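A structural walkthrough
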Amino acid sequence: MRIHTYEKLWLVAAFLLIVGFIATITYGSVGLGIQMIDDSEETLSPDDINDDERFGEPRVEQVGENEYEAYVVAQTFIFQPDPIEIPANSRVTFYVTSRDVIHGFDVVGTNTNTMVIPGEVSKMTVEFDEPDEYGIVCNEYCGDFHHTMEGQLNVVP
Ligand code: CUA
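These numbers come from a predicted model, not from an experiment. (Residues numbered from 1 in each chain as written. Predicted model: local features only at pLDDT ≥ 70, side-chain atom pairs only at ≥ 80, totals over all residues. Heavy atoms only, no water.)

**Overview of the domain arrangement of the chain**
The domain boundaries assigned to the chain delineate domain 1 (1–30) and domain 2 (33–156). The centre of domain 1, based on its C-alpha atoms, is set 34 Å off from the matching centre of domain 2. (Domains from an automatic or database assignment.)

**Let's talk about the packing of aromatic side chains**
Applying the stated rule across the entire model yields 6 aromatic pairs. Between Y71 and Y95, the ring centres sit 5.9 Å apart and the planes meet at 40°, which makes this aromatic pair tilted. Here Y71 is found in strand β3 (residues 67–75), whereas its partner Y95 is found in strand β6 (residues 90–98), with 24 residues between them in sequence. You can call Y71 buried: its relative accessible area is 3%. Aromatic pair F94 and F105: ring centres 5.6 Å apart, planes at 50°, arrangement tilted. (Phe/Tyr/Trp six-rings, centres within 6.5 Å; stacked < 30°, edge-to-face > 60°. Helix = DSSP H or I, 4+ residues; strand = E, 2+ residues; numbered from the N terminus. Buried < 20%, exposed > 50% of the residue type's maximum accessible area, 1.4 Å probe, protein only.)

**Re the pairing of strand β8 (residues 113–116)**
The alternating pattern of β8 places T114 and V116 on a buried face, while none of N113 and M115, on the opposite face, is buried. Both strand β7 (residues 103–107) and β8 contribute to a ladder of 4 bridges, which runs antiparallel. By the bridge assignment for β8, G104 is matched with M115. From the end of β7 to the start of β8, which pair antiparallel, there are 5 residues, and G109 there has a positive phi angle of about 85°. (Pairing = 2+ DSSP bridges.)

**Here we look at the sheet that holds strand β11 (residues 150–156)**
Note: strands within a sheet are paired through backbone hydrogen bonds, in either parallel or antiparallel orientation. Taking strand neighbours across the sheet as the criterion, the 5 strands line up as β5-β11-β10-β7-β8 in an open arrangement whose pairing is mixed. Each of the sheet's edge strands pairs with one partner strand only, and the pair in question is β5 (84–87) and β8. With strand direction ignored, the average angle separating the axes of adjacent strands in the sheet is 20°. Of the pairings in the sheet, the one linking β7 to strand β10 (residues 132–137) comprises 2 bridges and is antiparallel in character. Looking at β10, one finds that V107 is bridged to I136. (Axes fitted to C-alpha atoms, helices over the stretch in contact; angles between N-to-C directions.)

**A closer look at a nonpolar patch on the surface**
Where nonpolar side chains cluster on the molecular surface, the patch consists of V12, F15, L16 and V19 and spans about 390 Å² of accessible area. The topology assignment puts V19 in helix α1 (residues 5–27). Judged by relative accessible area, V19 falls into the partly exposed class, the value being 40%. (Patch = residues over 30% accessible without salt bridge, like charges linked within 9 Å, V, L, I, M, F, W, Y side chains within 5 Å. Areas by Shrake-Rupley, 256 points an atom, 1.4 Å probe, with all protein chains shown as cover. Salt bridge = Lys/Arg side-chain N within 4 Å of Asp/Glu carboxyl O.)

**Some details on unusual backbone geometry**
For the peptide bond that leads from T76 to F77, omega is 0°, which places it in the cis range. Mapping F77 onto the fold places it in the loop between β3 and β4 (78–80). The amide bond that connects D82 to the next residue, P83, takes the cis arrangement and shows omega of 0°. Position of P83 relative to the elements: it lies in the loop between β4 and β5. Although it is not a glycine, N89 sits at a positive phi angle of roughly 55°. Mapped onto the secondary structure, N89 falls in the loop between β5 and β6. Look at N89 and you get exposed, because its relative accessible area is 53%.

The structure is reproduced here in structure tokens:
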């Protein structure tokens, strides 16, 4: 059986649309100086945060020449560390977990944005080019002072 030519065209068009959407989501922040290139998740009980090698002391750690890891804890109504300091021209893998309820970790004006769920570790790899300052906001309702839950991310020279 032959597929009608128009049907083929529509299939191709639909496929291109999907690819376009994915590209938009993946590369949406090109030109903004910071770009998320990967994300995934692992688990960690909130009860274990204080004893955890990474999250017991939230921080940014150098792991290679231009490679860093950032261990971030969200809790009502702060992010730790604050500010998060990142050297320019670096690649940073963020590990973000919550001590209490669901929070958001949204670097304002970029596509670096994730839900932070207690018991889970959100992982994102982000590239930083130019020195700049970004606000971090929580975009999941987490209680009375949700609207005050902010942090700062500084890309330093
Ligand atoms: Cu934390 Cu809203």
